[in-house]
Structure formats: C-alpha cells, structure tokens
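Single-letter residue listing:
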Amino acid sequence: LLLEKGGVTGGSTVRSGGKILAAGTPWQEKQGYTDNADMMYEYLMSFDRDDIMNEELVRAFCDASAENLQWLEDRGVMVQDVEYIHSSITPWRVHNTMGGGGQTSGHGGQITAPLTNKYENAGGKILYNCRADKLITNEAGAVVGVEGQMADGSRVTVNAKGVILATGGYAQNPEMLAKYSDFLTYTPYGSVPMTNTGDGLTMAMEVGA
C-alpha cells in the first residue's frame, strides 16, 4: 500500500526532464562512447570543493548506475538516447527517456508512469491525496505502521510488517530550507511540487532519526 500525498505519483521526478546519469551502458556503446564507473566517479568528485561530498555514497551511485538503469528499463522505462552534460565534456552519459533531449522539462513521467503501472499491475494499491504524518512504533521502538490524513480530514491508520519512507524533499518548506539549505532561496513557484514539505524527515525525527 502506497500513501501518496498528491493526486499523482512521481513527486519532483515527474516534473523533471527525465534524464538519468549512468556510466558503462549499452546506450553509450551504441553511440560510440566508452565509459565506466571509475570515470564517472572521478568526474563527480572533481566538484567537491569543500569536502562535503560523501565519497562512499558517490562511489555506490556510480558503481550501480548502469545496473540501475537496466533495472528501470526492465520495468518499462524506455531510454531514447545519450547526450552530453556540456558539449566540451566526454563521454556523454546523460540518458534521455522518450521524448527528452536538450534543455527539456516535463519528461519525468516517462520514468514514473511505467513504474506506477508496474506496481499496480503487480497488485500494489495507492491511496491518493493521503498525507502520511506519523510513524507507529511498538514498545521496542520498531516502526510497525504509519498514520495519515486524507484531503477531507479523515484519518488513516496502516499496520505493516515494514514501512519504507520514500519522501523527504523540503523545497516547499521555508523553515527547513533556511535550516538545512541556507544557500538556496525559497520560491513558492519553483520546479518542485507544493507537497514537498519534508514530511518524511519530520516523521523520522519524531521517532529518533
């Protein structure tokens, strides 16, 4: 069961350009580019000016990028081609989903829609317009469910063997933005949905994260 705060799945991704960074993929080979995880890692880490990048996480991201892209394709996400981050940088490793290319936006649905369809076809249920706002814990402190509120104000309680937090963006929360990303300027009409108010972070912190 998925508790979806908005009226559509996808969050910020559905409003993105639908571009995925990966190295060592068959799509690169098809366009004549030789690339690997080490090259991608070195490129990304070259931007770490103040030692704020987590080398372990960047390494994991690069090492799994080709496998993850293949995982997406196996679930219906269609890769159109590969393009450059900047014309002066090779190899090209920005993978466009269908319809994308150049400075496009709005093709992220080519990622989220196939995954949503795959989930529902496998028997998954989605409760739309339901804002999850509280994690349920037992006496030992383990998370055993979640509570939420529907758009009409009614409450929902879900008891579960496992709970996955797949939310946490806070770009539409001025207080969180000022606290955690004070180098960014809050704009209520930015590129992320109005639902991105950090609910996942708030719920997690309330139980000790």
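Note: the structure precedes this text.
Below you will find a few notes about this structure. This one's a predicted model, so the numbers in the text were calculated from it and none came from an experiment.

A count of helices and strands for the protein chain gives six helices and eight strands. Helices and strands appear in the protein chain in the N-to-C order β-β-α-α-α-β-β-α-β-β-β-β-α-α. Along the first, second and third principal axes, the C-alpha set of the protein chain runs to 55 × 45 × 40 Å. Counting all 209 residues of the protein chain, 34% fall into the buried class. Carbon and sulfur atoms provide 53% of the accessible area of the protein chain, an area that totals close to 12800 Å². Of the charged side chains in the protein chain, 15 are positive and 25 negative, and the gap between their average positions amounts to 7 Å.

Right, let's get into unusual backbone geometry. Cis geometry is found at the peptide bond from Thr90 to Pro91, where omega equals 0 degrees. Among the secondary structure elements, Pro91 is positioned in the loop between β3 (79–83) and β4 (94–97). Its identity is not glycine, yet Asp51 carries a phi of approximately 55 degrees, on the positive side. By the element assignment, Asp51 lies in the loop between α2 (37–45) and α3 (55–74). When its relative accessible area of 70% is taken as the criterion, Asp51 is described as exposed. Backbone geometry at Asn129 places phi at a positive 55 degrees, although glycine is not the residue there. Looking at where Asn129 falls in the secondary structure, it is placed in the loop between β5 (126–127) and β6 (130–137).

The three strands lie next to each other as β2-β4-β3, forming an open sheet whose pairing is antiparallel. The sheet is open, and its two borders are formed by β2 (19–21) and β3, each paired with just one other strand. Each adjacent strand pair in this sheet contributes to an overall mean axis angle of 30 degrees, direction not counted. Strand direction decides the pairing type here: β2 and β4, joined by three bridges, are antiparallel.

Our focus in this paragraph is the pattern of salt bridges. Counting across every chain of the model gives nine salt bridges. Residue Lys5 is joined to Asp199 by a salt bridge in which the shortest nitrogen-to-oxygen separation is 2.8 Å. With Lys5 in the loop between β1 (2–3) and β2 and Asp199 in helix α6 (residues 199–206), this residue pair connects regions lying 194 residues apart in the sequence. A salt bridge links Asp133 to Arg131, with the nearest nitrogen and oxygen atoms 3.8 Å apart. Take Asp133: its relative accessible area is 18%, and that puts it in the buried class. For Arg131, a relative accessible area of 36% translates into the label partly exposed. In this structure, a network of salt bridges that share partners links the residues Lys5, Arg131, Asp133, Glu147, Arg155 and Asp199.

Okay, the packing of aromatic side chains next. Evaluation of the coordinates by the stated rule reveals four aromatic pairs. Look at Tyr33 and Trp92: their rings are 5.2 Å apart centre to centre, the planes differ by 25 degrees, and that puts the pair in the stacked class. Placement of the pair is Tyr33 in the loop between α1 (26–30) and α2 and Trp92 in the loop between β3 and β4, with a sequence separation of 59 residues. Residue classification places Tyr33 among the buried positions, given a relative accessible area of 19%. Its relative accessible area of 22% is what places Trp92 among the partly exposed residues. On the numbers, 5.1 Å between centres and 70 degrees between planes, the contact of Tyr84 with Trp92 is edge-to-face. Taken together, the ring pairs in this structure connect Tyr33, Tyr84 and Trp92 into an aromatic cluster. The ring of Tyr41 carries the charged tip of Arg59 above its face, separated from the ring centre by 4.6 Å.

Reading the values: the criteria
- Residues numbered from 1 in each chain as written.
- Predicted model: local features only at pLDDT ≥ 70, side-chain atom pairs only at ≥ 80, totals over all residues.
- Heavy atoms only, no water.
- Helix = DSSP H or I, 4+ residues; strand = E, 2+ residues; numbered from the N terminus.
- Buried < 20%, exposed > 50% of the residue type's maximum accessible area, 1.4 Å probe, protein only.
- Areas by Shrake-Rupley, 256 points an atom, 1.4 Å probe, with all protein chains shown as cover.
- Lys, Arg positive; Asp, Glu negative; His and termini not counted.
- Charge placed at Lys NZ, Arg CZ, Asp CG, Glu CD.
- Pairing = 2+ DSSP bridges.
- Axes fitted to C-alpha atoms, helices over the stretch in contact; angles between N-to-C directions.
- Salt bridge = Lys/Arg side-chain N within 4 Å of Asp/Glu carboxyl O.
- Phe/Tyr/Trp six-rings, centres within 6.5 Å; stacked < 30°, edge-to-face > 60°.
- Lys NZ or Arg CZ within 6 Å of the ring centre and 35° of its normal.

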